[in-house]
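Listed below are the residues making up each chain.
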Amino acid sequence: QEGCDTDPNRFFASTHQAPLFPWKGLARETGVDLNVINVPLPKDSSPQDFVDAWENTILPKVKGFDPDIIFISAGFDAHPDDPLASLNIEEEHFGYVTEKIAHLANEVSRGCIVSVLEGGYDPHALGRCVKAHLTSLANVPEPSHEQLSREPSALASSSSSSSSTSQMLFTPEQLQAMDKSTLRAELSA
C-alpha cells in the first residue's frame, strides 16, 4: 500500500481482517487519488462478505483504473484453519476470487498477472489454498486475440487519437510460451 499511496499511476486494493496487526489498511486510507481501496473485514466475517467485497467494491474499481498488469499478493491467513486471523474464507472462495481477477486481467491487462505468495501459516490449509489459487489461474481461458491486441493504457494515454491503431503485442512464440496446458495437466494429476 505504501508504494501506491502517493503515486496516482498505481492502484492498490486489499481485503484483510481489521483490526489486526500491523494495524494498517483502514478504509479511510485512500491514497493520493482514491487509488487505494481497503476493505477491512471484521473478525468472523463470512465467505460471502469476502466475495461481496471483491465483486461489489474492488473489482469494479480495478476495472475503472484500467491497469496494464495485475499483481496479486496472495495471502491465505484468512482460512479458518490458519492460526493468525479469525476469518472463515475457505479455499474455494479464494479460488473463486482468483478466477474473477484472472478474467478481469484478460479484459483490462491482456491477461498479465503476477502472483506471489504472501501468507498462510497452517501448512495443510495453505497447500489447499495455493492449489485452488493456481487451479483458478490455470483454468481461466487464455486472453482472446482481441484482448491480447489491446493497447496498454499507458501507451494509449500517451498516443494521439489519430494514431491509436491496435497492434499485436505478443509474438506467436510468446503466445506459445503462455500456454497453460502443462500447468493444467499437472494440477489435474
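Here's a quick rundown of the structure.

Before going further, it helps to spend a moment on the packing of helix α1 (residues 47–65) against helix α2 (residues 91–109). It is the contact of α1 with α2, at a shortest axis distance of 10 Å, that shows an interaxial angle of 10°. Taken together, the axes of α1 and α2 lie roughly parallel to each other. Taken together, the residues of α2 that come into contact with α1 (itself represented by P47, F50, V51, W54, E55, L59, V62 and K63) are H93, F94, Y96, V97, K100, I101, L104, E107 and V108. Its residues assigned to classes, the contact of α1 with α2 shows twelve nonpolar, one polar and four charged.

Attention now moves to the pattern of salt bridges. Following the criterion strictly, the structure yields five salt bridges and no others. Where R150 meets D66, a salt bridge forms, and the shortest distance between an N and an O atom there is 2.3 Å. With R150 in the loop between α4 (145–148) and α5 (153–158) and D66 in the loop between α1 and β3 (70–75), this pair connects stretches of sequence that are 84 residues apart. In this structure, R128 and D81 form a salt bridge, with 3.1 Å as the shortest nitrogen-oxygen distance.

Taking 1.5 Å per residue, 17 residues should reach 24 Å; helix α3 (residues 123–139) reaches 24 Å between its end C-alpha atoms and fits that length. For α3, the set of buried residues is A125, L126, C129, A132, H133, S136, L137 and A138.

Moving on, we come to the environment of G119. Mapping G119 onto the fold places it in strand β4 (residues 113–119). Sequence separation between G119 and A78 is 41 residues; the distance between their C-alpha atoms is 9.3 Å. Sequence-distant contacts of G119, that is, excluding residues within four places in its chain, are made with A74, G75, F76, D77 and L126.

Grouped together as the largest cluster of nonpolar side chains are 26 residues, with contacts concentrated most on F50, W54, I70, F94 and I101. For this core, the secondary structure elements donating two or more residues are β2 (36–41), α1, β3, α2 and α3. Here the element with the most residues in this core is α1; it accounts for seven residues. In this structure, F94 is in contact with F50, G75, F76, A78, H79, I89 and C129, ignoring residues within four places of it in sequence.

A surface patch of nonpolar side chains, about 350 Å² in accessible area, is lined by I69, F71, V114 and V116. Given the relative accessible area of 36%, I69 is considered partly exposed.

So, on to the environment of Y121. By the element assignment, Y121 lies in the loop between β4 and α3. The sequence separation of Y121 and G75 amounts to 46 residues, and the corresponding C-alpha distance is 9.6 Å. In this structure, Y121 is in contact with D77, D82, P83 and L84, ignoring residues within four places of it in sequence.

Let us now look at the packing of α2 against α3. Closest axis-to-axis distance for the α2/α3 pair is 8 Å, and the angle between their directions is 25°. Classified by the angle between their axes, α2 and α3 sit roughly parallel to one another. Considering how the two elements wind past one another, α2 and α3 form a crossing that is right-handed. Side by side, α2 and α3 meet where E91, F94, G95, Y96, T98, E99 and A102 of the first sit next to R128, C129, A132, H133, S136 and L137 of the second.

Criteria and cut-off values
Residues numbered from 1 in each chain as written. Predicted model: local features only at pLDDT ≥ 70, side-chain atom pairs only at ≥ 80, totals over all residues. Heavy atoms only, no water. Axes fitted to C-alpha atoms, helices over the stretch in contact; angles between N-to-C directions. Helix = DSSP H or I, 4+ residues; strand = E, 2+ residues; numbered from the N terminus. Parallel < 35°, antiparallel > 145°, perpendicular 65-115°, else oblique. Contact = heavy atoms within 4.5 Å. Nonpolar A, V, L, I, M, F, W, Y, C, P; charged D, E, K, R; others polar. Salt bridge = Lys/Arg side-chain N within 4 Å of Asp/Glu carboxyl O. Expected span 1.5 Å × (residues − 1). Buried < 20%, exposed > 50% of the residue type's maximum accessible area, 1.4 Å probe, protein only. Core = buried A, V, L, I, M, F, W, Y, C linked by side-chain atoms within 4.5 Å. Patch = residues over 30% accessible without salt bridge, like charges linked within 9 Å, V, L, I, M, F, W, Y side chains within 5 Å. Areas by Shrake-Rupley, 256 points an atom, 1.4 Å probe, with all protein chains shown as cover. Left-handed = near helix turned anticlockwise from the far one by under 90°.

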